[in-house]
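Descriptive analysis of the structure
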Amino acid sequence: MASERQIEDLKILLEEKKEQILSNINGSRNNIDELKGQEINDDLDYAELVSDSFTEGMIANHQLDELEQIEAALKRIKDGDYGNCDMCGITIPIGRLKAKPFARYCTECRQAYENEQSKKSS
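Residues numbered from 1 in each chain as written. Predicted model: local features only at pLDDT ≥ 70, side-chain atom pairs only at ≥ 80, totals over all residues. Heavy atoms only, no water.

Section: a nonpolar patch on the surface
Among the surface-exposed residues, Ile40, Tyr46 and Val50 lie close enough to one another that they form a single nonpolar patch of about 280 Å² accessible area. On the secondary structure map, Tyr46 appears in helix 2 (residues 43–79). (Patch = residues over 30% accessible without salt bridge, like charges linked within 9 Å, V, L, I, M, F, W, Y side chains within 5 Å. Areas by Shrake-Rupley, 256 points an atom, 1.4 Å probe, with all protein chains shown as cover. Salt bridge = Lys/Arg side-chain N within 4 Å of Asp/Glu carboxyl O. Helix = DSSP H or I, 4+ residues; strand = E, 2+ residues; numbered from the N terminus.)

Now the structure itself:
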């Protein structure tokens, strides 16, 4: 189980990552706004604009998803539930939390979750 100091260090890491993501999301929004303001002279310009806008939107959506996971982890820290697998309840190893501080599952349950998700999408 992670010590209070380790959890505090991970909390700081999560908060820093949250700020970075918020900055990235704002940057993506600004980039999309700039793209919208570009002059379109031909079909190639239009295709490039659509592609760039789509890419920026996908990046922003991924960042929003990660932001939600970080906020959920910060809530678990506040509630005293941080570091426990949402599926089986065992303590998530500190190495996994250091690699992915917003992890909700232990390695075994994460694999089971991903297998189930891949079956649903097939």
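With respect to the pattern of salt bridges
Under the definition given, this model contains 6 salt bridges. Note that Arg5 and Asp9 form a salt bridge whose closest N and O atoms lie 3.1 Å from each other. Pair noted here: Arg5 and Asp9 are both in helix 1 (residues 4–36), with a separation of 4 residues, about one helical turn. In this structure Asp9 comes out as partly exposed when scored by relative accessible area, which is 35%. Residue Lys18 is joined to Glu71 by a salt bridge in which the shortest nitrogen-to-oxygen separation is 3.7 Å. Remark: Glu71 occurs in helix 2 and Lys18 occurs in helix 1; sequence separation between them is 53 residues. Relative accessible area serves as the criterion here: at 23%, Lys18 is assigned to the partly exposed category. (Buried < 20%, exposed > 50% of the residue type's maximum accessible area, 1.4 Å probe, protein only.)

Honestly, that's just the spatial picture; any functional story needs more than this.
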